[in-house]
Amino acid sequence: MPVKTELIFAVSPSDETSARGTGRKLAHMAYRVGAGARLLRAGSPGRNGLLFLNDGDFDGRGDPTALSREIIRECAARSYNGAVFDFSRRVPTLSRAVNLLSGAFRERGWSLYVTEPYAREAAGAKVLIPTAVSGGSLHQRFTEAVEQYGAERVAVAAERVAEDFSLPAPNGQGTAMTQEQLRARMEQRSPSVFFSDMLCAHYFTYMDRKTGAHFILFDTADSLKKKIQVAREVGISDVMLPYPEVADLLPDLLENF
């Protein structure tokens, strides 16, 4: 049964002023786990919303208990009512910190969002499921996540995709494109654009004399809204969007949400 969607924008400190105008909850992308499992902050993030933390520079060493305490202190100091742990690698130190913070956040009534590799360590946390798929069905991906974790524990990490796949692409990996590159390619090729109901994305194909056949997959406001709609249909309420990537789409994207 469809649910009401809560959009959350992940923002850098420079985006915060304009993002606040949307009236949506903000996740502040000013934090990372540094060497020795220290909480590092860049710039001056705002108050309220969520702490957004990535593990890009983490060396795998350090005290998870100390890191957990730093995160709790920062959340309390800036009146955050939760956090997003955008961890790409499964690391024992981070696993232990996530486990500790899962209980601590639950006691405080704070929200916690984690990537799928950390779902087991974070009882009660929301598990972020990316929308970027190059094969299969997005509806099936969401359905399987709901069956595994329960709808109340699933959140969507929406991505604005623009990728160029050289065909055949047996590993499903494409080359990321900027929006400028996508526009230039479309102007150059004047392609017929189609929509995939399975992937909830637009696509077109073209031939290059040197590199052969190509398949371009990309998002617009309409395709992102379709992805959100599919999430709603399977009972997923929370959708996180990267504000810098979708800021130009907001008038259309926020319609009906």
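Use the structure listed above.
Residues numbered from 1 in each chain as written. Predicted model: local features only at pLDDT ≥ 70, side-chain atom pairs only at ≥ 80, totals over all residues. Heavy atoms only, no water.

Visitor: Residue-level account of the overall build of the protein chain, with values.
Guide: For the protein chain, the count of helices and strands is eight helices and 14 strands. The C-alpha atoms of the protein chain give a radius of gyration of 19 Å, which matches the 18 Å a tight globule of 257 residues would have. With respect to the three principal axes, the spread of C-alpha positions in the protein chain is 55 × 40 × 40 Å. In the protein chain, which comprises 257 residues, the proportion classed as buried is 49%. The contacts in the protein chain between residues at least 6 apart in sequence include a share of 63% that link residues at least 24 apart. Surface exposure of the protein chain reaches about 12,500 Å², of which carbon and sulfur atoms provide 49%. Charged side chains of the protein chain number 31 positive and 31 negative; the gap between the two group centres comes to 5 Å. (Helix = DSSP H or I, 4+ residues; strand = E, 2+ residues; numbered from the N terminus. Rg over C-alpha atoms; globule rule 2.2 N^0.38 Å. Buried < 20%, exposed > 50% of the residue type's maximum accessible area, 1.4 Å probe, protein only. Contact = heavy atoms within 4.5 Å. Areas by Shrake-Rupley, 256 points an atom, 1.4 Å probe, with all protein chains shown as cover. Lys, Arg positive; Asp, Glu negative; His and termini not counted. Charge placed at Lys NZ, Arg CZ, Asp CG, Glu CD.)

Visitor: Tell me about the packing of aromatic side chains, and name the residues and values.
Guide: The geometry of two aromatic rings is summed up by the distance between their centres and the angle between their planes. In total, this model carries nine aromatic pairs according to the counting rule given. A connected cluster of aromatic rings, assembled from ring pairs, spans Phe165, Phe194, Tyr203 and Phe215. Over the face of the ring belonging to Trp110 we find Arg108, whose NZ or CZ atom lies 5.7 Å from the ring centre. (Phe/Tyr/Trp six-rings, centres within 6.5 Å; stacked < 30°, edge-to-face > 60°. Lys NZ or Arg CZ within 6 Å of the ring centre and 35° of its normal.)

Visitor: Quick one: what's the story with the nonpolar core, residue by residue and with numbers?
Guide: Residues Phe9, Phe142, Ile236 and Leu241 are the most contacted members of the largest nonpolar core, which totals 39 residues. Membership of the second largest hydrophobic core comes to 29 residues, among which are Phe58, Ile71, Trp110 and Val114. (Core = buried A, V, L, I, M, F, W, Y, C linked by side-chain atoms within 4.5 Å.)

Visitor: Tell me what's going on with unusual backbone geometry, and back it up with residues and numbers.
Guide: If you check the backbone angles, Ala37 has positive phi at about 60° while not being a glycine. For Ala37, the position within the fold is in the loop between β2 (25-34) and β3 (38-41). Ala37 gets classed as buried once you look at its relative accessible area, which sits at 1%. Backbone geometry at Asn48 places phi at a positive 70°, although glycine is not the residue there. Examined against the element boundaries, Asn48 turns out to sit in the loop between β3 and β4 (50-54).

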